[in-house]
Amino acid sequence: MAIKCGIVGLPNVGKSTIFNALTRSVALAANYPFATIDPNVGIVPVPDPRLDELTRIVPTQKVVPTTLEVVDIAGIVKGASQGEGLGNQFLSHIAEVDAIIHVVRCFEGGDIVHVSGSVDPLRDIEVIGTELILKDMDVLAKHRARYEKAARSNDKKAQQTMPVIEKYEAAFNAGRSGRTVQLTPEEKVIAREFRLITDKPVLYAANVSEEEAAGADGPLAAKVKALAQSEGSAYIKISGKVEEDISRLEPSERGEFLQAMGLQEPGLDRLVREGYRLLGLITFFTVGETENRAWTVSKGSTAPQAAGKIHSDFEKGFIRAEVVGYDDFVRYKGEQAAKEAGRFRLEGKEYIVADGDIMHFRFSV
């Protein structure tokens, strides 16, 4: 199943420009509201220099990075939860993603029309946040109608569900998102049924001018960073214009351009990696003469679950995993020397996969 990040924001904040650069595609980017109606979808490789290093050690026929699916969702405006600007359609698209990349405009520019007439990132974030909360309140009301009567009739599931509904209602009435609600592990299982938009993790992407792409945050971006820190969300600074320029260059030209801009890497690389981390994901690798490949699993996954990412038969018939850590693999320049140094391990069904593990699976079906 593809892991999805949805790019959201007000109209004309640079969402489609960033999406185009991210996917090297031609999604419509225009200087008027609702240029994007149906969501554009792109599969984006997750930059990981470790895969390049492994390929230097183990030359192979094919190199396959892990990926994220990125969805460019149309601009949301005030009143979206009541259908303004095709809002209900757009909000339904957000419900289908695993995490939200919230692009916030942090640059001035007379030739780019702002839907509110001025640039104010905290106001813009509040507009989007309010609409998402209102949509979630509507969803939650339907669950209350379903469970309230059943709870009075001593239905066990309903009695367990109603306190969770009430926790969310208290947060929403106070203007807080679902992410702020403290739940027990058992309550989290119950809450999954609600599929609330504001439960999703958020990465704030401050879209700045070319001049602000490198160096310290400007005053507008600094406000977004402070807000992200206060609510425990992720944050990056990015210049959509710079990323668009980079995406049009040949790979051989990008290094010189980045150096001229004072950047160590494209902002999009950081954006994708942060999106990956936001979802609590880690990477393990398989290497060989035919293919070197990065695989995605959730933190806390066991070796059989990792094996299942390759093929369901690997998980069903799992015997054990041959494992060496990335640092050891690189230090000893390959599997054989790592074995000779005693850094190669055999792990069983209870082993928790670590980020960067190089793994081979033994199985029987």
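Please refer to the structure higher up on the page.
Summary of the structure given here. (Residues numbered from 1 in each chain as written. Predicted model: local features only at pLDDT ≥ 70, side-chain atom pairs only at ≥ 80, totals over all residues. Heavy atoms only, no water.)

**Describing the overall build of the protein chain**
So, point 1. Across its full length, the protein chain carries 14 helices and 12 strands.
So, point 2. Looking at the 365 residues of the protein chain, the share that counts as buried comes to 48%.
So, point 3. Within the protein chain, contacts between residues separated by at least 24 positions form 69% of all contacts whose residues are at least 6 apart in sequence.
So, point 4. Carbon and sulfur atoms form 50% of the exposed surface of the protein chain, whose accessible area is close to 17900 Å². (Helix = DSSP H or I, 4+ residues; strand = E, 2+ residues; numbered from the N terminus. Buried < 20%, exposed > 50% of the residue type's maximum accessible area, 1.4 Å probe, protein only. Contact = heavy atoms within 4.5 Å. Areas by Shrake-Rupley, 256 points an atom, 1.4 Å probe, with all protein chains shown as cover.)

**Some remarks on the packing of aromatic side chains**
So, point 1. Under the criterion given, the structure shown has 6 aromatic pairs.
So, point 2. Between Tyr168 and Phe194 the ring centres are 6.1 Å apart and the planes differ by 80 degrees, which places this aromatic pair in the edge-to-face class. In this pair, Tyr168 is assigned in helix H5 (residues 156-173) and Phe194 in the loop between helix H6 (185-191) and strand E6 (202-207), connecting sequence segments 26 residues apart.
So, point 3. Three or more aromatic residues joined by ring pairs form one cluster here, namely Phe284, Trp295, Phe318 and Phe361.
So, point 4. Positioned above the aromatic ring of Phe107, the side-chain terminus of Arg105 is 4.5 Å from the ring centre. (Phe/Tyr/Trp six-rings, centres within 6.5 Å; stacked < 30°, edge-to-face > 60°. Lys NZ or Arg CZ within 6 Å of the ring centre and 35° of its normal.)

**Regarding the packing of helix H1 (residues 15-23) against helix H8 (residues 240-247)**
Axes are the key here: two packed helices are described by the angle between their axes and the distance separating the axes.
So, point 1. Where H1 contacts H8, the two axes come as close as 9 Å, and the packing angle between them is 30 degrees. Relative to H8, the element H1 lies roughly parallel. Where H1 crosses over H8, the handedness of that crossing is left-handed. Contacts between H1 and H8 involve Thr17, Ile18 and Ala21 on the former and, on the latter, Gly240, Glu243, Glu244 and Ser247. (Axes fitted to C-alpha atoms, helices over the stretch in contact; angles between N-to-C directions. Parallel < 35°, antiparallel > 145°, perpendicular 65-115°, else oblique. Left-handed = near helix turned anticlockwise from the far one by under 90°.)

**Quick notes on the pairing of strand E8 (residues 281-286)**
So, point 1. Of all 6 residues that make up E8, 6 are buried, and the element is covered over most of its length.
So, point 2. The alternating pattern of E8 places Leu281, Thr283 and Phe285 on one face and Ile282, Phe284 and Thr286 on the opposite face, and all of these are buried.
So, point 3. If you look at the hairpin formed by E8 and strand E9 (residues 292-298), you'll find 5 residues sitting between the two strands. (Pairing = 2+ DSSP bridges.)

**Focus: the nonpolar core**
So, point 1. By size, the foremost hydrophobic cluster in this structure holds 50 residues, and its most contacted members are Leu22, Leu68, Ile94, Ile100 and Leu271.
So, point 2. In terms of nonpolar packing, the next biggest core, distinct from the first, is built from 17 residues, Ile133, Ala158, Ile165 and Leu196 among them. (Core = buried A, V, L, I, M, F, W, Y, C linked by side-chain atoms within 4.5 Å.)

**Looking at H1**
So, point 1. Within H1, 8 of the 9 residues are buried, which leaves the element mostly enclosed by the surrounding structure.
So, point 2. If you check which residues of H1 are buried, you get Lys15, Ser16, Ile18, Phe19, Asn20, Ala21, Leu22 and Thr23.
So, point 3. Directly after H1, the chain includes Arg24, whose backbone phi takes a positive value near 55 degrees.

**Describing the environment of Gly334**
So, point 1. The topology assignment puts Gly334 in the loop between helix H13 (326-331) and helix H14 (335-340).
So, point 2. The class of Gly334 is buried, set by a relative accessible area of 6%.
So, point 3. Along the sequence, Gly334 and Val287 sit 47 residues apart, while their C-alpha atoms lie 9.9 Å from each other.
So, point 4. Excluding residues within four positions of it along the chain, Gly334 makes contact with Ile57 and Phe329.

**Quick look at the environment of Val63**
So, point 1. Here Val63 lies in strand E3 (residues 63-64).
So, point 2. With a relative accessible area of 40%, Val63 lands in the partly exposed category.

**Section: the packing of H8 against helix H9 (residues 251-261)**
So, point 1. Running from amino to carboxyl end, H8 crosses H9 at an angle of 155 degrees, the nearest separation of the two axes being 10 Å. With respect to H9, the element H8 is oriented roughly antiparallel. Read as a crossing pair, H8 and H9 show a hand that is right-handed. Contacts between H8 and H9 involve Val242, Asp245, Ile246 and Ser247 from the first element and Arg254, Phe257, Leu258 and Met261 from the second.

**What to know about the pairing of E9**
So, point 1. Of all 7 residues in E9, 5 are buried, a share of seventy percent or more.
So, point 2. Of the pairings in the sheet, the one linking E3 to E9 comprises 2 bridges and is parallel in character. The partner of Val63 across the bridge, within E9, is Asn292.
So, point 3. As judged from the 6 bridges shared by E8 and E9, these two strands associate in the antiparallel manner. Looking at E9, one finds that Phe285 is bridged to Ala294.

**Describing the pattern of salt bridges**
So, point 1. As enumerated under the stated definition, the model contains 24 salt bridges in all.
So, point 2. Of the charged contacts, one joins Arg50 and Asp355 as a salt bridge, the two residues approaching to 3.1 Å between their closest N and O atoms. Separated by 305 residues along the polypeptide, Arg50 in helix H2 (residues 49-57) and Asp355 in the loop between strand E11 (345-347) and strand E12 (358-363) bring together distant segments of the chain.
So, point 3. Residue Asp355 is classed as partly exposed on the basis of its relative accessible area of 43%.
So, point 4. The salt bridge involving Arg331 is made with Asp328; its shortest N-O contact spans 2.4 Å. (Salt bridge = Lys/Arg side-chain N within 4 Å of Asp/Glu carboxyl O.)

**Points about the sheet that holds E6**
So, point 1. Taking strand neighbours across the sheet as the criterion, the 6 strands line up as E2-E4-E1-E5-E6-E7 in an open arrangement whose pairing is mixed. In the strand order of this sheet, the two ends are held by strand E2 (40-45) and strand E7 (234-238), each with one partner. Put simply, the sheet's adjacent strands are angled 25 degrees from each other on average, direction ignored.
So, point 2. Judged from the 4 bridges that link them, strand E1 (residues 4-8) and strand E5 (residues 99-105) form a sheet pairing that is parallel. By the bridge assignment for E5, Ile7 is matched with Ile101.
So, point 3. Where H1 meets the sheet, its contacts fall on E1, E2, strand E4 (67-72), E5, E6 and E7, and the angle it forms with E2 comes to roughly 45 degrees.

None of this, on its own, says anything about what the molecule does.
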